[in-house]
Amino acid sequence: MVNKRMVSIIVCIALLCCIAPSVGAAKKTITILQWMQSPEAQARWDKLMEQFYELYPDIEVKPIRTNEYTIKLQTMVASGNPPDVAEARVQWEYAMLAPRGAFMDLQPYIEKSTVLSRDYFFDSAYDLFNMNGAQLGVPINANLTCIVYNKDMFDAEGLPYPDETWTWDDILQAALKLTKDVDGDGRVDQFGMVVPTWYFIHYLGSRGINLFNEDQTQFLFDTPEAIESVQWLADLWTKHKVAVPLAGAAAVGERDVAFGFESGKAAMSLDGTWSIADYAETIQAFDWDVTLLPLASPGAPRIATMITGSYVIPKKAKYPDEAWKLIEFLLSPEVRKGDVARTGEVPAQIPVANSAEFLSNPLPPADRTMWIRGLESARFFIEPVTVLGMELNREINQALDQVWIGKKTAAEVMPPLTKRMNEELAKMD
Amino acid sequence: MNKSKSTLLHREALDGWLYASPWIIGFFLFTLGPIVASFVLAFMKWDLVNPPRWIGLDNYLRMFNDSVFWSSLKVTAIYSCFGVPLNLFGSLILALLCNQKLRGIEIFRTIYYLPSVVSGVAIGLLWKWLFDPTFGLINYLLSLVGIEGPMWLASETWALPALIVMGLWGVGGGMVIFLAGLQGIPLELYEAAELDGANRWNKFWQITIPMLSPVIFFNLIMGIISSFQTFTYAYVMTGGGPNNATLFYVLNLYYNAFLYLRMGYASALAWFLFLVILALTGLVFKSSPMWVYYESEVKGR
């Protein structure tokens, strides 16, 4: 009997101990959905959060980390239990969920904020997250497309390095010289470049070709310029044979492209600033550098293309006010300067891009004002996926596969494809 | 006497349920709910964000006008037609070889079984490199004998055959089951046959195959089910391309559910696949009295 009573007393005490901390501090726990991170990045995050807790002792931040970001976010939103803060890339999570009304309008917060204002961001990045007057996200970065090149290979051929005066034709001429059979076994083992097939959007963009009209009611993929441009890219594989052959339709992921360049199979990579920090870590065997995408023709205006991500607050977030405080903190000049000092990303915040931390980052290029020049001319070209959705986008890519592997020409594939897409577009509201 | 026997039976039944309970609890907690939900969702339109809306049979009707659906069904059928028999023969032959009384045969068994334990994604990535048209091992070996290998995964013609061939990587799993079956065949049968003057060939066809037929039956059923559910390799290696040449049924289902956010349609696809597999396994079951022999069975029914 005594035993029993003692046990119940101990249990009661134990239960009280469990409840006590949550009663004592009325902390609000907000969640943020993050990409899986390296241990170093996690350590940095923990440090950042220490600073955050000093500012807001009554908020606790719980990161949820995943490698299947898009699907995880979708599922969390669908279950009615979304994270309080999420990252949304303009052509992926944002394109999929923003039109369905999954994100809050942040305009009221921005109007009151002393840290984040419209002028704080590059217009080109900020405006991408505005939908019918509602600001559904605030941009984190404005990653630019670029060309990464293997300096050793250029030196071996006695070629000058690509620079901001180069045109696409200059790139092709260099690639022709850089494609060769180095070990003399009759098989080409060094290619001029490695090209991901999805890069066609950026190649067309750098030539100023819009895939949609102003109000996004017409898909303009059958114009002579668009057809000619897609064919030019396809010729890199099929006619000139200067690009690393496609290993498979899905083998055009960033990792495969990166591998083509890292392993010294290709002299140039059509790439983006998102790859630079990785290259700096993995490439030891040769010297490399980076430059902006080439010009369409000599003296043509430069157009850099951009891929950007933003912070969003899902509509059903439990603590939107606290979530906004976290976003304000993460995008503040101090925190962002710390970010850009150690990563290869290009910030979407003007003062951060002009800061010493960003400009003196040791990652290539040596002259990092190049990115600011790029940003000034940067544009985001509406991608098919954003307007047409994932399914039609997949259909476009599957049809273009035939062009990339030389089974059909761009002129055969693109007009009927465009006609079909416009029929689908007309059915949408 | 009688009473204690019935309590024993009772105890045994209870034990049985207890042993099966992890699966039963798991089934009711985690599987039954989603099954029921997907059945209901198949009659609804749901994009995960907005509330589901009842649309009756539209999802099923839509399937028949969806060219991607038909092409995915065709791709999966071709894959199964070639892949299932190939795997069955491969694992049977391997099992026969590994059933020889040789010193160190266990090592061979382990080696052949090992690939089946490796994760699907890792295998996919490995084979992607083997199939690489320029730097891959396969085309390199072909070039040694003067053949210019195809583009494999980048070719509409060769992508599916490439995946079928690579499916043989998993024959070790079937081999283990066949081995167990082979070792369960009583040696007396062979001895008796030898006395009657049977040669190896006779013994194989008259004893081994009939005695193994329940195992063949099992492996065939499992092979059909798993090949209709093929997903990982195509997802990792080809994304269903080029030009949908490797868009398997379940991959299309996955895209509909998680990329196009059409949960209702994807649920309907899942149920249709269930019916297809049910029909096929039903056919195999129906045919089984003609070719499957059980030891306890009296012949000639």
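> Quick rundown of the overall build of chain B? Include the residues and the values.
Per the secondary structure count, chain B includes 13 helices and 2 strands. Based on the C-alpha atoms only, the size of chain B along its principal axes is roughly 75 × 70 × 35 Å. The proportion of buried residues among the 301 residues of chain B is 41%. Taking as baseline every contact in chain B between residues at least 6 positions apart, the subset at least 24 positions apart corresponds to 65%. Looking at chain B, you have 17 positive and 15 negative side-chain charges, and the mean spots of the two groups are 5 Å apart.

> So what about the environment of P245 of chain A? Which residues, and what values?
Residue position: P245 of chain A is located in the loop between helix 10 (224–238) and helix 11 (254–262). When the C-alpha positions of P245 of chain A and M193 of chain A are compared, they lie 9.9 Å apart, and in sequence the two are 52 residues distant. In this structure, P245 of chain A is in contact with F191 and W237 of chain A together with T134 of chain B, ignoring residues within four places of it in sequence.

> Before we move on, can you summarise the pattern of salt bridges with the specific residues and values?
Applying the stated rule across the entire model yields 18 salt bridges over all chains. Linking D47 of chain B and R100 of chain A is a salt bridge whose minimum nitrogen-to-oxygen distance equals 3.0 Å. A residue pair is termed interchain when its members come from two chains, as with D47 of chain B in the loop between strand 1 (44–45) and strand 2 (53–54) and R100 of chain A in the loop between helix 4 (93–97) and helix 5 (107–112). According to the relative accessible area criterion, R100 of chain A is partly exposed, its value standing at 27%. Among the ionic pairs, E423 of chain A bridges to K419 of chain A, the shortest N-O distance being 3.7 Å. Of this pair, E423 of chain A and K419 of chain A both sit in helix 19 (residues 410–427), 4 residues apart, roughly one helical turn. Bridged by salt links that share partners, the residues R44, R336, D339 and E345 of chain A form one connected network.

> Got a sec to walk through the packing of aromatic side chains? Specific residues and values, please.
The tally for this structure, following the rule as stated, stands at 55 aromatic pairs over all chains. An angle of 80° between the planes, with centres 5.8 Å apart, marks the rings of Y279 of chain A and W288 of chain A as edge-to-face. W288 of chain A carries the same exposure label as Y279 of chain A, and that label is buried. Each ring, one from Y235 of chain B and one from Y254 of chain B, has its centre 5.2 Å from the other, and the planes form 75°; the classification is edge-to-face.

> Outline the packing of helix 9 (residues 187–195) of chain B against helix 10 (residues 200–228) of chain B, supporting the account with residue identities and numerical values.
All names here are of chain B. Across the interface, helix 9 lies against helix 10 with an axial gap of 11 Å and an inter-helix angle of 160°. As the angle between them shows, helix 9 and helix 10 are arranged roughly antiparallel. Once helix 9 is placed against helix 10, the crossing between them reads as right-handed. Touching L189, Y190, A193 and E194 of helix 9 are K203, I207, T208 and M211, all from helix 10. Looking at the contact of helix 9 with helix 10, its residues break down into 5 nonpolar, 1 polar and 2 charged.

> Tell me about helix 13 (residues 320–330) of chain A, and please be specific about residues and values.
An α-helical turn contains 3.6 residues, so any two residues separated by three or four positions project in the same direction. Burial analysis of helix 13 of chain A places 9 of its 11 residues in the buried class, the great majority of the element. Listing the buried residues of helix 13 of chain A in full gives P320, E322, A323, W324, L326, I327, E328, F329 and L330 of chain A.

> If you had to explain the interface of chain A and chain B to someone new, which residues and values would you point to?
The interface of chain A with chain B comprises 33 residues on the first partner and 37 residues on the second. Taken together, both faces of the contact between chain A and chain B bury some 2,900 Å²; the carbon and sulfur share is 57%. Those elements that place two or more of their residues in the side of chain A that touches chain B are helix 3 (69–78), helix 4, helix 11 and helix 18 (384–404) of chain A. Residue classes in the side of chain A that touches chain B are distributed as 19 nonpolar, 4 polar and 10 charged.

> Help me get a handle on the pairing of strand 2 (residues 59–66) of chain A, residues and values and all.
Residue and element names in this part refer to chain A. In this sheet, strand 2 lies alongside strand 1 (residues 28–35) in parallel orientation, the contact comprising 8 bridges. Across the sheet, L33 pairs through a bridge with I64, a residue of strand 2. Considered for its hand, the β-α-β crossover made up of strand 1, helix 2 (residues 39–55) and strand 2 is right-handed.

> So what's going on with the confidence of the model for chain B? Which residues, and what values?
In this model, chain B carries a mean pLDDT of 89, and residues with pLDDT of at least 70 account for 96%. Within chain B, helix 3 (residues 67–98) of chain B carries the highest mean pLDDT (94), whereas helix 5 (residues 120–130) of chain B carries the lowest (85).

Cut-offs applied
Residues numbered from 1 in each chain as written. Chains lettered and ligands numbered in written order. Predicted model: local features only at pLDDT ≥ 70, side-chain atom pairs only at ≥ 80, totals over all residues. Heavy atoms only, no water. Helix = DSSP H or I, 4+ residues; strand = E, 2+ residues; numbered from the N terminus. Buried < 20%, exposed > 50% of the residue type's maximum accessible area, 1.4 Å probe, protein only. Contact = heavy atoms within 4.5 Å. Lys, Arg positive; Asp, Glu negative; His and termini not counted. Charge placed at Lys NZ, Arg CZ, Asp CG, Glu CD. Salt bridge = Lys/Arg side-chain N within 4 Å of Asp/Glu carboxyl O. Phe/Tyr/Trp six-rings, centres within 6.5 Å; stacked < 30°, edge-to-face > 60°. Axes fitted to C-alpha atoms, helices over the stretch in contact; angles between N-to-C directions. Parallel < 35°, antiparallel > 145°, perpendicular 65-115°, else oblique. Left-handed = near helix turned anticlockwise from the far one by under 90°. Nonpolar A, V, L, I, M, F, W, Y, C, P; charged D, E, K, R; others polar. Buried area = accessible area lost by both parts, 1.4 Å probe. Pairing = 2+ DSSP bridges. Right-handed = clockwise from strand over helix to strand, strands pointing away. pLDDT = per-residue confidence, 0-100.

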